[in-house]
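Coordinates in review
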Amino acid sequence: MIVLGIETSCDETAAAVLKADGTVLSNVVLSQLDEHRPYGGVVPEIAARSHLDHIDDLVRQAMTDAGVSYDDLDAVAATSGPGLIGGVIVGVMTAKAIASAAGKPFVAVNHLEGHALTARLTEQVEFPYLLLLVSGGHCQLLSVEGVGRYTLYGRTVDDAVGEAFDKTAKMLGLPYPGGPNVEIAARSGDASRFKLPRPMVGRPDCDFSFSGLKTAVRQIIQKLPEGMPNEQERADICAAFQEAVGDVLADRCSRAMKRFAEEHGTGHTLVVGGGVAANVHIRGVLTETCKKAGMQFAAPPINLCTDNAAMIAWAGLERLRLGLTDTLEFAPRPRWPLDSMTIPSA
Ligand code: KG4
Ligand code: ZN
């Protein structure tokens, strides 16, 4: 089986072709970063237009790189939500047009399911597993019991982790996207110089909150003599922020691990997905947390943690294997919580 996947839900236009055994025949990603950078964040209108300008060429490139024709495909999968709706519509319409012209099934993929199932492509992780999804738009802990079968353990009550990284970077005058720049600055920083809170730590549930952390960073900056950090202060704040986020994630994951063990027993895996999973400090913290809890740890390679179409093609393959295809009537969804997915009978 061969599937073409398309991803357009945020600021990456991406197309990939995958085989059912997990061979990535092609995987092309075009970042719109330069177009959004002047605004310090993703502008939905610009994103939608840019997806429209590039999607045809990108799909053509993915097909050429893979060395396959539309006839060779078994399905066309596209991110059909959640995300910036203008972009999602561009991807869905493109996928439906190809599916319709080539006479192939269309698979509507939930972007979060793409992140959730990536570890099965890269590390062959078996169900069930615990998933920490940390990206620019999402921060959730879920138990993944099968394709389309998710139980939400906890989620952020305000900002997503990536969003907190991006906002902190902006306050510190670091360029967008903030996450990677905060991580680089933190390398030369002293995490103990500034004290930051650990929101939600110790609570019995598995929820997150990051807005207090962001406010604390703002207050530190305002109290600085210059009202703006110098290079060393900036590095120290980044290190303190990254450490605080790591501590919060470790505590929330420990809670979720207890619940997961009660429901599914021991010896399972914690999978981390989403753009923030690229952070080396956070990976280290989670590796330690897993060791303490006796769980395996799996983190997909960084280029498959951030938004890409290989994960969409893979989720499409997982669905296709179970006979879960969609009709061309499927309407793109700006909101589409993972735990609301229909549970396949297989
Ligand atoms: O999954 P993703 O590519 O897109 C969304 O679906 O949101 O995640 C992007 C987010 C951004 O907020 C970015 O700042 C963050 O992931 N990010 C990082 C790192 N690399 C990307 N955050 C912390 N450390 C990083 N190295
Ligand atoms: Zn994403």
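Residues numbered from 1 in each chain as written. Chains lettered and ligands numbered in written order. Predicted model: local features only at pLDDT ≥ 70, side-chain atom pairs only at ≥ 80, totals over all residues. Heavy atoms only, no water.

The next subject is the site of ligand 1. Surveying the vicinity of ligand 1 reveals 19 residues, the closest of which are Gly-136, Asp-166, Gly-179, Glu-183 and Gly-275. Within the backbone of Gly-179, a nitrogen or oxygen atom sits 3.0 Å from an oxygen atom of ligand 1. Protein chains bury 88% of the 560 Å² of accessible surface belonging to ligand 1 in isolation. At the level of secondary structure, the elements contributing two or more residues to the shell around ligand 1 comprise helix H4 (111-122), helix H5 (161-171) and helix H6 (178-186). Of the residues belonging to the shell around ligand 1, the class tally is 5 nonpolar, 11 polar and 3 charged. Taken domain by domain, the shell around ligand 1 gets at least three of its residues from each of domain 1 (2-116 + 306-340) and domain 2 (126-299). (Near = heavy atom within 4 Å. Polar contact = N/O pair within 3.5 Å; in protein donor to acceptor, adjacent residues only side chain to side chain. Areas by Shrake-Rupley, 256 points an atom, 1.4 Å probe, with all protein chains shown as cover. Helix = DSSP H or I, 4+ residues; strand = E, 2+ residues; numbered from the N terminus. Nonpolar A, V, L, I, M, F, W, Y, C, P; charged D, E, K, R; others polar. Domains from an automatic or database assignment.)

Once that is clear, we can look at the pattern of salt bridges. For the structure on display, the rule yields 18 salt bridges. Here Glu-318 and Arg-120 are joined by a salt bridge, their closest N and O atoms 2.6 Å apart. Note that Glu-318 is positioned in helix H11 (residues 310-321) and Arg-120 in helix H4, a separation of 198 residues in sequence. Arg-120 gets classed as buried once you look at its relative accessible area, which sits at 17%. Its salt-bridge partner being Arg-321, residue Glu-318 comes within 3.8 Å of it at the nearest N-O pair. With Glu-318 and Arg-321 both in helix H11 and 3 residues apart, the pair spans about one turn of that helix. Residue classification places Arg-321 among the partly exposed residues on the basis of a relative accessible area of 40%. (Salt bridge = Lys/Arg side-chain N within 4 Å of Asp/Glu carboxyl O. Buried < 20%, exposed > 50% of the residue type's maximum accessible area, 1.4 Å probe, protein only.)

As a further point, take the environment of Ser-135. Considering the arrangement of structural elements, one finds Ser-135 in the loop between strand S6 (129-134) and strand S7 (139-146). Between the C-alpha atoms of Ser-135 and Asp-307, which are 172 residues apart in sequence, the distance is 9.2 Å. Contact partners of Ser-135, with chain neighbours within four places excluded, come to Ala-160, Val-161, Gly-162, Glu-163, Gly-274, Gly-275 and Val-276. A polar contact of 3.4 Å, which involves the side chain of Ser-135, links it to the backbone nitrogen of Gly-137. (Contact = heavy atoms within 4.5 Å.)

Below, the discussion takes up the domain arrangement of the protein chain. The accessible area lost on association of the parts is a frequent measure of interface size. What the domain assignment lists for the protein chain is domain 1 (2-116 + 306-340) and domain 2 (126-299). Inter-centroid distance (C-alpha atoms) of domain 1 to domain 2 is 27 Å. Where domain 1 abuts domain 2, roughly 1500 Å² becomes buried across the two surfaces, and 67% of that area is made up of carbon and sulfur atoms. Area buried by domain 1 at its contact with domain 2 is led by His-115, Ala-116 and Leu-338, which between them contribute 30% of it. Put simply, domain 1 and domain 2 have 0 salt bridges between them. Applying the counting criterion to the domain 1 and domain 2 interface returns 4 residue pairs in polar contact (both at pLDDT 80 or more). Broken down by secondary-structure element, the contributors of at least two residues to the side of domain 1 that touches domain 2 are H4 and H11. Ranked by residues supplied to the side of domain 1 that touches domain 2, first place goes to H4 with 4 residues. Residues belonging to the side of domain 1 that touches domain 2 are distributed by class as follows: 9 nonpolar, 4 polar and 6 charged. (Buried area = accessible area lost by both parts, 1.4 Å probe.)

In terms of nonpolar packing, the biggest core is built from 61 residues, with Leu-4, Val-17, Leu-18, Val-59, Phe-106 and Tyr-150 touching the most fellow members. Per element, the largest residue contribution to this core is 8 residues, and it comes from H11. In terms of domain composition, this core takes at least three residues from each of domain 1 (2-116 + 306-340) and domain 2 (126-299). Membership of the second largest hydrophobic core comes to 52 residues, among which are Val-182, Ile-221, Val-248 and Met-295. (Core = buried A, V, L, I, M, F, W, Y, C linked by side-chain atoms within 4.5 Å.)

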